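For reference, the chains in residue letters:
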Amino acid sequence: MELLCCERAAAATRRAAPDPSLVRDERVLRNLLAVEERYLPSCSYFKCVQRDIQPFMRRMVATWMLEVCEEQKCEEEVFPLAMNYLDRFLAVVPTPKCHLQLLGAVCIFLASKLKETIPLTAEKLCIYTDNSVRPQELLDWELVVLGKLKWNLAAITPHDFIEHILRKLPFPRDKVLLIQKHAQSFIALCATDFNFAMYPPSMIATGSVGAAVCGLQLDEGESLLSGDVLTELLAKITNTEVDCLKACQEQIESVLVSNLQEVPQPPGDASKTMDELDQSSTPTDVRDINL
Amino acid sequence: MTRTPKRELKEMPLSQGDIPRSSCSRKLCRNLFGPVDHEQLQNDFQSMMKAELKEAQRKWNFDFETETPLEGDYKWEKVSHFKVLSPQELLSHSKENSCVGDKTLSSPVLLQIHAKTDNPGQGSFEAESSRHLKRKQTSIKDFYSSKRRTIPYKSNP
């Protein structure tokens with residue numbers, strides 16, 4: 001009767017290990033590929049829907065959202081999922097720019113509720129807007145956003161593909177973990193950039209893994225996978241055109257370079273900065289650079 | 001004495017919740033796009049919710065505010081005998097379909113929906129049958145095809 005579990009989940013969130021019966025089943029990947037486009041924003045909204053909001057504002061709100069997610073140690077998928085909600089909402093509802101931060105907060109709120117065991121609170125998110133938004137407004141607009149998304153929240157994000165892709169690459173376990181960390185950083189980077197908003201998540205995932213492998217220079221030296229062989233293998237896994245994938249990967253790399261340049265850092269070429277990225281070997285470095 | 005551990009148990013989720021979340025750092029607490037017009041926000045919220053309600057009213061030919069049926073594709077029927085059902089009876093009803101209980105109880109006026117195309121002989125007053133009918137109308141296949149159709153005109157609301 002006096003049973004009491006005093007065990008504390010010492011700061012770390014408990015996660016289930018990847019389920020082999022899901023990751024190894026081809027049908028799961030096939031289904032993900034089949035339904036992913038349903039969750040893309042319906043149009044490139046800066047041209048056809050929004051009058052007040054400019055691309056640089058999306059970048060501003062995205063950067064703020066990413067920083068909030070990082071500080072609150074949200075699960076990796078929360079930020080890309082929140083950006084998916086934001087883009088899908090903006091593709092249907094003309095929004096004044098003074099509502100954009102509220103919308104961003106609502107999207108984090110929803111994504112956090114969907115993906116996390118202990119979601120972020122409305123109060124905390126309002127503090128992050130410097131109290132320019134009230135908790136009640138956040139809750140009100142949560143309903144509006146849900147309605148416009150048709151309560152369709154379980155969107156597919158690039159993260160859903162990562163395990164499926166990594167499983168098919170011939171790298172040792174430690175390298176795979178490193179590739180995964182870097183790929184996750186690239187995915188977050190892509191979510192801050194509107195150019196990737198209309199790309200299917202599978203392509204962003206494949207491009208991010210490709211960029212991570214190249215960045216870690218695992219495609220050189222004794223490895224069996226040279227650049228082109230790797231690209232072809234990746235393209236085959238997610239049924240992407242080789243040329244599209246190449247273009248996507250190059251785009252990711254160039255976004256990384258331009259993000260690195262924005263931050264006061266000793267100037268260096270791309271490969272050098274990628275080396276620096278390796279050495280710290282934390283998943284957050286690309287995103288830290290992004291701040 | 002036995003109360004103390006109980007209380008601790010109750011508090012555990014909260015205290016656990018505090019561990020992984022850090023406090024908000026000053027530099028991140030910022031207002032990105034200037035002052036928020038709370039009145040406009042409230043007005044926009046009201047008008048969007050109204051539009052949503054209107055859309056639902058049109059779709060289901062039912063006025064959800066006054067809970068009255070309107071002219072349209074669906075024929076709405078009042079389900080009156082549920083009011084006199086005791087909780088036990090309701091429980092025995094909902095055993096077959098666990099969703100039924102809360103759904104029907106939450107609404108002050110209980111209504112049942114039939115599509116016109118449905119067999120009139122099915123017009124019983126059973127909540128279960130209403131659930132089955134609803135399911136028929138929103139099978140996964142219907143849902144997906146209707147999703148597809150909405151995409152083209154989503155872009156110009």
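Because the structure is a prediction, the values reported are computed rather than measured.

## Notes on the overall build of chain B
Part 1 of the argument: In terms of regular secondary structure, chain B is built from six helices and four strands.
Part 2 of the argument: With 157 residues in all, chain B has 27% of them scored as buried.

## Things to note about the overall build of chain A
Part 1 of the argument: Across its full length, chain A carries 15 helices and zero strands.
Part 2 of the argument: Nonlocal contacts in chain A, meaning residues at least 24 apart in sequence, comprise 79% of its contacts between residues at least 6 apart.
Part 3 of the argument: Counting only carbon and sulfur atoms, one obtains 54% of the accessible surface of chain A, whose full area is about 13200 Å².

## A closer look at the domain arrangement of chain A
Residue and element names in this part refer to chain A.
Part 1 of the argument: In terms of domain boundaries, chain A breaks down into domain 1 (41-148) and domain 2 (159-260).
Part 2 of the argument: Centre-to-centre separation of domain 1 and domain 2, based on C-alpha positions: 26 Å.
Part 3 of the argument: Each side of the interface is counted separately: domain 1 has 16 residues, and domain 2 has 11 residues.
Part 4 of the argument: Carbon and sulfur atoms supply 65% of the area buried between domain 1 and domain 2, which totals about 1200 Å² over both sides.
Part 5 of the argument: The three residues of domain 1 that bury the most area against domain 2 are Arg-58, Arg-59 and Glu-76, which together make up 37% of that side's buried surface.

## Some thoughts on helix α12 (residues 227-237) of chain A
Residue and element names in this part refer to chain A.
Part 1 of the argument: Buried within α12 we find Leu-230, Thr-231, Leu-234, Ala-235 and Ile-237. The buried residues of α12 occupy one face: seen down the axis, they fall within an arc of 155°. For α12, the exposed residues lying more than 90 degrees away from the buried face are Glu-232 and Lys-236.

## Side note on the UniProt feature "domain: Cyclin-dependent kinase inhibitor" (unreviewed entry) in chain B
Part 1 of the argument: Sites flagged by UniProt as "domain: Cyclin-dependent kinase inhibitor" (unreviewed entry) map to residues 31-79 of chain B.
Part 2 of the argument: Split by type, residues 31-79 of chain B is 47% helix and 18% strand. Its first and last C-alpha atoms lie 51 Å apart.

## Let's talk about the side chain of A:Thr192
Residue and element names in this part refer to chain A.
Part 1 of the argument: If you trace the backbone, Thr-192 turns up in helix α10 (residues 173-192).
Part 2 of the argument: Look at Thr-192 and you get buried, because its relative accessible area is 3%.
Part 3 of the argument: Polar contacts involving the side chain of Thr-192 include one to the main-chain carbonyl oxygen of Leu-189, which spans 2.6 Å.

## Observations regarding the packing of aromatic side chains
Part 1 of the argument: Counted under the stated rule, the structure contains seven aromatic pairs over all chains.
Part 2 of the argument: Relative to A:Tyr199, the ring of A:Phe196 lies with its centre 5.5 Å away and its plane at 80°, an arrangement referred to as edge-to-face.
Part 3 of the argument: On the basis of an interplanar angle of 40° and a centroid distance of 4.3 Å, the ring pair of B:Phe62 and B:Trp76 is categorised as tilted. One end of the pair, B:Phe62, is in strand β1 (residues 62-63); the other, B:Trp76, is in strand β3 (residues 74-78), and 14 residues separate them in sequence.

## Looking at the side chain of A:Gln101
Part 1 of the argument: On the secondary structure map, A:Gln101 appears in helix α6 (residues 100-115).
Part 2 of the argument: Residue classification places A:Gln101 among the buried positions, given a relative accessible area of 3%.
Part 3 of the argument: Within polar-contact distance, the side chain of A:Gln101 engages the backbone nitrogen of B:Leu32 at 2.8 Å.
Part 4 of the argument: Each residue touching A:Gln101, except ones within four places of it in the same chain, is listed here: A:Val61, A:Trp64, A:Tyr128, A:Thr129, A:Ser132, B:Arg30, B:Asn31, B:Leu32 and B:Phe33.

## With respect to the UniProt feature "domain: Cyclin-like" (unreviewed entry) in chain A
Part 1 of the argument: Here the UniProt feature "domain: Cyclin-like" (unreviewed entry) sits at residues 63-147 of chain A.
Part 2 of the argument: End C-alpha to end C-alpha, residues 63-147 of chain A measures 25 Å, and it is 68% helix and 0% strand.

## Description of the packing of helix α4 (residues 55-71) of chain A against α10(A)
Part 1 of the argument: Running from amino to carboxyl end, α4(A) crosses α10(A) at an angle of 145°, the nearest separation of the two axes being 9 Å. Contacts between α4(A) and α10(A) involve A:Arg58, A:Arg59, A:Ala62 and A:Leu66 from the first element and A:Ala188, A:Ala191 and A:Thr192 from the second.

## With respect to the environment of A:Thr121
Part 1 of the argument: Checked against the element boundaries, A:Thr121 lands in the loop between α6 and α7 (122-128).
Part 2 of the argument: Taking the C-alpha atoms as reference points, A:Thr121 and A:Phe109, separated by 12 residues in sequence, lie 7.3 Å from one another.

## Looking at the nonpolar core
Residues and elements named next belong to chain A.
Part 1 of the argument: Within the largest apolar cluster, 100 residues are counted, with the highest numbers of intra-cluster contacts made by Met-65 and Val-209.
Part 2 of the argument: The element contributing the most residues to this core is α6, with 10 residues.
Part 3 of the argument: Formed jointly, this core draws a minimum of three residues from each of two domains, domain 1 (41-148) and domain 2 (159-260).
Part 4 of the argument: Other than its neighbours up to four places away in sequence, Met-65 contacts Phe-79, Ala-82, Met-83, Leu-86, Gly-104, Cys-107 and Ile-108.

## What about α10(A)?
Part 1 of the argument: The first and last C-alpha atoms of α10(A) sit 29 Å apart over 20 residues, in line with the 28 Å expected at 1.5 Å per residue.
Part 2 of the argument: When you tally the buried positions in α10(A), you get 14 out of 20 residues, the bulk of the element.

## Some remarks on the pattern of salt bridges
Part 1 of the argument: Counted according to the given criterion, the structure contains 13 salt bridges over all chains.
Part 2 of the argument: Between A:Asp25 and A:Arg27 there is a salt bridge, with its nearest N and O atoms 2.8 Å apart.
Part 3 of the argument: Owing to a relative accessible area of 52%, A:Arg27 belongs among the exposed residues under this scheme.
Part 4 of the argument: When the shortest N-O distance is used, the salt bridge between A:Glu67 and B:Arg30 registers 3.5 Å. One end of the pair, A:Glu67, is in helix α4; the other, B:Arg30, is in the loop between α1 (3-18) and α2 (38-60), on a second chain.
Part 5 of the argument: Judged by relative accessible area, A:Glu67 falls into the buried class, the value being 8%.
Part 6 of the argument: Judged by relative accessible area, B:Arg30 falls into the partly exposed class, the value being 28%.
Part 7 of the argument: Sharing partners across several salt bridges, the network here consists of A:Glu26, A:Arg167 and A:Lys168.

The rules behind these values
- Residues numbered from 1 in each chain as written.
- Chains lettered and ligands numbered in written order.
- Predicted model: local features only at pLDDT ≥ 70, side-chain atom pairs only at ≥ 80, totals over all residues.
- Heavy atoms only, no water.
- Helix = DSSP H or I, 4+ residues; strand = E, 2+ residues; numbered from the N terminus.
- Buried < 20%, exposed > 50% of the residue type's maximum accessible area, 1.4 Å probe, protein only.
- Contact = heavy atoms within 4.5 Å.
- Areas by Shrake-Rupley, 256 points an atom, 1.4 Å probe, with all protein chains shown as cover.
- Domains from an automatic or database assignment.
- Buried area = accessible area lost by both parts, 1.4 Å probe.
- Arc of directions from axis to C-beta.
- UniProt positions renumbered as here; feature names shortened; annotations may be inferred.
- Polar contact = N/O pair within 3.5 Å; in protein donor to acceptor, adjacent residues only side chain to side chain.
- Phe/Tyr/Trp six-rings, centres within 6.5 Å; stacked < 30°, edge-to-face > 60°.
- Axes fitted to C-alpha atoms, helices over the stretch in contact; angles between N-to-C directions.
- Core = buried A, V, L, I, M, F, W, Y, C linked by side-chain atoms within 4.5 Å.
- Expected span 1.5 Å × (residues − 1).
- Salt bridge = Lys/Arg side-chain N within 4 Å of Asp/Glu carboxyl O.

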